[in-house]
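Below, each chain spelled out in residue letters.
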Amino acid sequence: MELNNFIKYRDKTGQLIADIQKWYSDDSGTNSQSIESCQNIHERLLNKDVYLAILGEQGAGKSTLSNALLGGKDIFPVDVAETTNCMTYVMGLDKNHEEYAEIVLNDGETIKGPLEETFLRPYVDEQQNPENEKGVIKVKCYAHVDWLEKSGVCFVDTPGVESLNSRNHEITYAFLPQITVAIYLSRVTPPITGTELNFLNAIWEKSPMMFFAMNRYDESTEEVEESATYTKKALQELNEDEGALEAPDLYKINVLRAYDAYEDDDPEEIKEELIHSGVKKLTENISQALETELNKTRIQSAVNSLWFQVKSSIGALSSLLNTIKKDYNVQKDQILNDSLEKERAYRA
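Note that the coordinates shown come from a computational prediction; the quantities given were computed from them, not determined experimentally.

A.B. asks: Is there a simple way to explain the overall build of the protein chain in this structure?
C.D. replies: Looking only at helices and strands, the protein chain features eleven helices and nine strands. Counting all 348 residues of the protein chain, 44% fall into the buried class. Sequence-distant contacts in the protein chain: of pairs separated by 6 or more residues, those separated by 24 or more amount to 75%. Approximately 19,000 Å² of the protein chain is accessible, and the part contributed by carbon and sulfur atoms is 48%.

Structural data, given as structure tokens:
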């Protein structure tokens, strides 16, 4: 989308948001949260920040993929058990400056330290900070990652969908409207689940730039293809519900192979491993989409979020009307019964 067209549609969308805010304001029964939600949508439309997040169920390999995309850095803890328990943001940093991290706490304190797993883990690891008892709001990392610095993208690691910890699950859901680009990572075994499809059905309209990847470990080629066929069919059916005719692309990647590639000192060997892991193709297509579709995505994301907000309000209003109707019918029946009783008493 050309800049002039983007500005025109951005301003039109902004006016639409303002009109809906006024409608909410004129409705004395409307919760102020609806007005605030519209304001947040408008702010995101004007905001130049680009958030790229990896979503998926706990244990799908999100943190390993995150570390691989950041050049093999051990920023995010990786365990079999549930790990990531707070939002972690990674921004690109010029190599003339030393890498560092900031832990932002809910009491206003910010703790600064080296960009090392030993510093981060006590705050972001569920085992060392159960249910976020240390009160971490977010973690900000500044790293020497070329593609982040050049693109201005902010990389985000989220707690898992359907986390064992309900708080972690809620954190991820609350952040969804801010995401510009999302990578949804599923597994080969088991293939994409009903829970995951329900989650995707709820968020697809909020995240118009979605990429789907399936993480393979040591499964056979036959198992991978069988799982991919099942997953693509499920995504196609879901995509049809969203108004699209074709299934989205599904990238079959080996997250661990991509991460381990950086143990080699030879740049050509690293590149070769990233190609074979499937991660290079995924990142190249994301970069291309950011270059060509970003402004269009900003408009689409704002309109989708606005529609979701209005639809939620209509749903709440419909529920209220049904309750009123039910109460009315109960009272009407009660009045009718009382009248019949009085009539019987009079005739007696």
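A.B. asks: Where do I start with helix 4 (residues 117–124) in this structure?
C.D. replies: Because the α-helix completes a turn every 3.6 residues, residues three or four places apart line up on one side. Listed as buried for helix 4 are Phe119, Leu120, Arg121, Tyr123 and Val124. Contacts from the buried residues of helix 4 go to strand 2 (88–92), strand 3 (100–105), strand 4 (110–113) and strand 5 (136–143).

A.B. asks: What is the right way to look at the packing of aromatic side chains in this model?
C.D. replies: The geometry of two aromatic rings is summed up by the distance between their centres and the angle between their planes. Applying the stated rule across the entire model yields five aromatic pairs. When the ring of Trp147 is compared with that of Phe155, the centres are 6.4 Å apart and the planes differ by 90°; the resulting orientation is edge-to-face. Taking relative accessible area as the criterion, Phe155 reaches 0% and is therefore assigned buried. Taking NZ or CZ as reference, Lys134 lies 5.3 Å from the ring centre of Tyr123, over its face.

A.B. asks: Honestly, the pattern of salt bridges in this entry has me stumped. Any pointers?
C.D. replies: Pairs may arise between side chains of opposite charge once their charged atoms sit close together. On inspection of all chains with the given rule, the structure shows eight salt bridges. A salt bridge links Glu57 to Arg187; its shortest N-O distance comes to 2.9 Å. Here Glu57 is found in the loop between strand 1 (50–55) and helix 3 (62–69), whereas its partner Arg187 is found in strand 7 (residues 181–187), with 130 residues between them in sequence. Accessibility assignment for this pair places Glu57 and Arg187 in one class, buried. As a salt-bridge pair, Glu99 and Lys73 come within 2.8 Å of each other at their nearest N and O atoms. Taken together, the residues span a long stretch of sequence, with Glu99 in the loop between strand 2 and strand 3 and Lys73 in the loop between helix 3 and strand 2 at a distance of 26 residues. Linked through salt bridges whose partners overlap, the residues forming this network are Glu117, Arg121 and Asp125.

A.B. asks: Could you clarify how one ought to interpret the nonpolar core in this entry?
C.D. replies: Within soluble globular proteins, side chains that are nonpolar generally end up buried alongside one another. Ile103, Leu120, Phe155, Ile183, Phe211 and Ile253 are the most contacted members of the largest nonpolar core, which totals 47 residues. Top element by residues in this core is helix 11 (residues 279–347). It accounts for five residues. Setting aside anything within four residues of it in sequence, one finds Phe155 in contact with Leu52, Ile54, Ser66, Leu69, Leu70, Phe76, Thr88, Tyr89, Val90, Trp147 and Leu148. Judged by nonpolar contacts, the second largest core, of 31 residues, contains Ile192, Leu200, Trp204 and Ala234.

A.B. asks: Whenever I open this one, helix 10 (residues 267–277) confuses me. Can you help?
C.D. replies: Here helix 10 has its buried residues at Ile270, Leu274 and Ser277. End-on, the buried residues of helix 10 take up no more than an arc of 65°, which puts them together on one face. At the N-terminal boundary of helix 10, the capping side chain belongs to Asp266, with an oxygen 3.0 Å from the backbone nitrogen of Glu268. Once helix 10 ends, the next one or two residues include Gly278, with phi positive near 90°.

A.B. asks: Is there a simple way to explain the sheet that holds strand 5 in this structure?
C.D. replies: Whenever strands of a sheet pair, they do so through backbone hydrogen bonds, lying parallel or antiparallel. Strand order in this open sheet of nine strands is 4-3-5-2-6-1-7-8-9, and the pairing throughout is mixed. The outermost strands of the open sheet, each flanked by one partner alone, are strand 4 and strand 9 (250–253). Shown here is a sheet whose adjacent strand axes are inclined to one another by a mean of 20°, direction ignored. Relative to strand 4, strand 3 runs antiparallel, the two sharing four bridges. Note that in strand 4 the partner of Ala101 across the bridge is Gly113. In the packing of helix 7 (residues 194–203) onto the sheet, contacts are made with strand 1, strand 7 and strand 8 (209–215), and the angle to strand 7 comes to roughly 170°.

A.B. asks: Sorry, what's going on with the pairing of strand 7 here?
C.D. replies: The buried fraction of strand 7 is high, at seven of seven residues. Covered by surrounding structure in strand 7 are Val181, Ile183, Leu185 and Arg187 together with Ala182, Tyr184 and Ser186, the residues of both alternating faces. As paired strands, strand 1 and strand 7 are joined by four bridges and run parallel to one another. Within the sheet, the bridge partner assigned to Ala53 lies in strand 7 and is Ala182. Two elements, strand 7 and strand 8, share seven bridges in a ladder whose sense is parallel. Residue pairing for strand 8: Val181 is matched across the bridge by Met209.

Rules used throughout
Residues numbered from 1 in each chain as written. Predicted model: local features only at pLDDT ≥ 70, side-chain atom pairs only at ≥ 80, totals over all residues. Heavy atoms only, no water. Helix = DSSP H or I, 4+ residues; strand = E, 2+ residues; numbered from the N terminus. Buried < 20%, exposed > 50% of the residue type's maximum accessible area, 1.4 Å probe, protein only. Contact = heavy atoms within 4.5 Å. Areas by Shrake-Rupley, 256 points an atom, 1.4 Å probe, with all protein chains shown as cover. Phe/Tyr/Trp six-rings, centres within 6.5 Å; stacked < 30°, edge-to-face > 60°. Lys NZ or Arg CZ within 6 Å of the ring centre and 35° of its normal. Salt bridge = Lys/Arg side-chain N within 4 Å of Asp/Glu carboxyl O. Core = buried A, V, L, I, M, F, W, Y, C linked by side-chain atoms within 4.5 Å. Arc of directions from axis to C-beta. Polar contact = N/O pair within 3.5 Å; in protein donor to acceptor, adjacent residues only side chain to side chain. Pairing = 2+ DSSP bridges. Axes fitted to C-alpha atoms, helices over the stretch in contact; angles between N-to-C directions.

Read these as layout, nothing more, since geometry by itself doesn't imply function.
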